[in-house]
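# Structure at a glance
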Amino acid sequence: MRITYACPACRVPVRLDGIELATALDCPACGAAVPVPPGAVAWSGPDGSPTAAGTGVPTLRRCLVCPGTELFARKDFPQRLGVAIVVVGFAASCLTWAWRLLVPTFAILFGTALIDVVLYLLMPECLTCYRCGARYRGAGGPHGGFDLETHEKHRQQRLRLGGGVPPASGPS
Ligand SMILES: [Zn+2]
Ligand SMILES: [Zn+2]
């Protein structure tokens, strides 16, 4: 399991691998350690029954950083790559269209769309924490897709806690 998170102490993006059995996440930049909440990673066998830590498949029960329990699953697809494939395909089809090659033009357009779909399906899912934005790769768990309502709830909470809301003006 791999994690990418912003260090709560120095805000530097941290990337750590093999965190399934970690008891704390150490920031390489400032040395701050985030203690991993006990039971945040659960282990289960092939039949879904719980197993001892370090055996079976790890699933993420809660965020290791903040430690919120609400995470969403999303495809780990690099959007720029998807756009690049479409742009290259479109440019190539413009050339073949200019040369009046009808069949190759449509073959290229359908081909690039198909590559995008196949890449998307092959991409693994990654989990993102609503509260702190930490991202997990190679982690399963009972988490659904992105939910705007939950996202908004956490955004409002962050604003209240972080003092991101400007103080009320006017006479007091
Ligand atoms: Zn740090
Ligand atoms: Zn979090």
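I will try to describe carefully the structure that is included in this document. (Residues numbered from 1 in each chain as written. Chains lettered and ligands numbered in written order. Predicted model: local features only at pLDDT ≥ 70, side-chain atom pairs only at ≥ 80, totals over all residues.)

### Focus on the overall build of the chain
We apply this condition: Counting from the N terminus, the helices are the DSSP runs of H or I reaching at least four residues and the strands are the DSSP runs of E reaching at least two. We compute the radius of gyration over the C-alpha atoms and compare it with the globule rule, which gives 2.2 Å times the number of residues raised to the power 0.38. Backbone-placed C-beta atoms define the burial measure: a residue is buried with 20 or more other C-beta atoms within 10 Å of its own, exposed with 12 or fewer, and partly exposed in between. Two residues qualify as being in contact provided that their C-beta atoms, derived from the backbone, are within 7 Å of each other.
Looking only at helices and strands, one finds three helices and nine strands in the chain. A compact globule built from 172 residues would reach a C-alpha radius of gyration of about 16 Å, whereas the chain, at 22 Å, exceeds it by more than 25%. Projecting the C-alpha coordinates of the chain onto the three principal axes gives extents of approximately 65 × 60 × 35 Å. Here the chain holds 172 residues, and 15% of them are scored as buried. Counting only contacts in the chain whose residues sit at least 6 apart along the sequence, the fraction spanning at least 24 positions is 51%.

### A word on the sheet that holds strand β8 (residues 125-129)
Rule in force here: Strands are treated as partners if at least two bridges between them are detected by DSSP. Only the contacting stretch of a helix is used when fitting its axis, a line to C-alpha atoms as for every element, and angles between N-to-C directions run 0 to 180 degrees.
Overall, antiparallel pairing links the five strands, which are arranged β2-β1-β9-β8-β7 in an open sheet. One side of each edge strand has no neighbouring strand; the edge strands of this open sheet are β2 (13-17) and β7 (71-75). Strand-to-strand, the axes of this sheet are offset by a mean angle of 20 degrees, without reference to chain direction. Inspection of the sheet shows strand β1 (residues 2-6) paired to β2 by five bridges, in the antiparallel sense. Counted as the bridge partner of T4 is R15 from β2.

### A look at helix α3 (residues 148-162)
Here is the rule we go by: A helix is expected to span 1.5 Å for every residue after the first.
Relative to the 21 Å expected for 15 residues at 1.5 Å per residue, α3 spans 21 Å between its end C-alpha atoms, a close match to the ideal helical length. Summarising burial for α3: zero of the 15 residues are buried, a small minority.

### What about the environment of V117?
Assignment of secondary structure puts V117 in helix α2 (residues 102-122). Sequence spacing of V117 and R62 is 55 residues, and the spatial spacing of their C-alpha atoms is 31 Å.

### Re the pairing of β8
Two elements, β7 and β8, share five bridges in a ladder whose sense is antiparallel. Among the inter-strand pairings, A73 is bridged to a residue of β8, identified as L127. Here three bridges tie β8 to strand β9 (residues 135-137), and the two strands are oriented antiparallel to one another. Looking at β9, one finds that C126 is bridged to R137. The loop that links β8 with its antiparallel partner β9 comprises five residues; one of these, G133, has a positive phi angle of about 80 degrees.

### Here's the deal with the packing of helix α1 (residues 79-98) against α2
Here is the rule we go by: Any angle from 65 to 115 degrees is called roughly perpendicular, while one under 35 is roughly parallel, one over 145 is roughly antiparallel, and all others are oblique. We call Asp, Glu, Lys and Arg charged. Ala, Val, Leu, Ile, Met, Phe, Trp, Tyr, Cys and Pro are nonpolar, and the rest, Gly among them, are polar.
Put simply, α1 and α2 touch, their axes get as near as 8 Å, and they point 175 degrees apart. Judged on the interaxial angle alone, α2 and α1 are roughly antiparallel. Along its contact with α1, which presents G82, I85, V86, G89, A92, S93, T96 and W97, the element α2 presents P104, T105, I108, L109, G111, T112, I115 and D116. Classifying every residue of the contact of α1 with α2 by side-chain character gives eight nonpolar, seven polar and one charged.

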